[in-house]
Amino acid sequence: MALALFGLVSLGAAASMLFLREPMRVALALITSMTALGAVYGLMGVHFIAAFQVLIYVGAVMVFMVYVIMLLEVKEAPGSRRFSSLAVPGAVAGVLLAAALGAGLLRGGSAASPERGGETFSLVQFSSVFLSQYWLVFELTTVFLVGAIVAALAVVNVSRRRQG
């Protein structure tokens, strides 16, 4: 019951991001969705992924996004269109995806997954693989995020000079 409730909260928050107008409210809806997904992972027994979901996505990435939104002072231009011209095809694709997922759930089949044959997931194993194979990608992502905030500051400064 709780799993379905958190799933519905996550789905509702994700859907509300499509209709909210203010960027800060969209970010708060995304934070709500990510937190509810963390709760879903926790209830499913994947506590390590749940902790990463909350710590990395909610705690770090979303704080960074909220900081950039507040820094840029994003305002909607008067007379701008509310929805993209791709809103209807996107909604149709979403309905088709939901129908396909529902049909898969009703059929009861699971995706082809390799048998785990007694393997257990350990934090030591994950840390070893992460630090030996993926550390460069992680560091490049950090540099990319810092570059994005520097670019955002440059855009804000240029637009403020033009207005003033």
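Heads up: the structure comes first, above all this text.
Residues numbered from 1 in each chain as written. Predicted model: local features only at pLDDT ≥ 70, side-chain atom pairs only at ≥ 80, totals over all residues. Heavy atoms only, no water.

Caption draft 1: Main features of the packing of aromatic side chains. Enumeration over the complete set of coordinates arrives at 1 aromatic pair. Ring centres of Phe48 and Phe52 lie 4.8 Å apart, and the angle between their planes is 75 degrees; this geometry places the pair in the edge-to-face category. A residue pair is termed a helical-turn pair when its members lie 3 or 4 positions apart in one helix, as Phe48 and Phe52 do in helix H3 (residues 47-72) at 4 residues. Exposure remark for Phe48: the relative accessible area of 26% places this residue in the partly exposed category. (Phe/Tyr/Trp six-rings, centres within 6.5 Å; stacked < 30°, edge-to-face > 60°. Helix = DSSP H or I, 4+ residues; strand = E, 2+ residues; numbered from the N terminus. Buried < 20%, exposed > 50% of the residue type's maximum accessible area, 1.4 Å probe, protein only.)

Caption draft 2: Structural context of the nonpolar core. Within the largest apolar cluster, 5 residues are counted, these being Ala27, Leu30, Met62, Val66 and Ile69. Top contributing element to this core by residue count: H3, with 3 residues. Residues within four places of Val66 in sequence aside, it is in contact with Met24, Ala27 and Ile31. (Core = buried A, V, L, I, M, F, W, Y, C linked by side-chain atoms within 4.5 Å. Contact = heavy atoms within 4.5 Å.)

Caption draft 3: Here's a closer look at the side chain of Gln53. Looking at where Gln53 falls in the secondary structure, it is placed in helix H3. Taking relative accessible area as the criterion, Gln53 reaches 7% and is therefore assigned buried. Ignoring anything within four residues of it in the chain, the contact list for Gln53 reads Met34, Leu37, Gly38, Tyr41 and Val58.

Caption draft 4: Highlighting the environment of Val156. Within the secondary structure layout, Val156 lies in helix H6 (residues 135-163). Separated by 85 residues in sequence, Val156 and Leu71 place their C-alpha atoms 8.5 Å apart.

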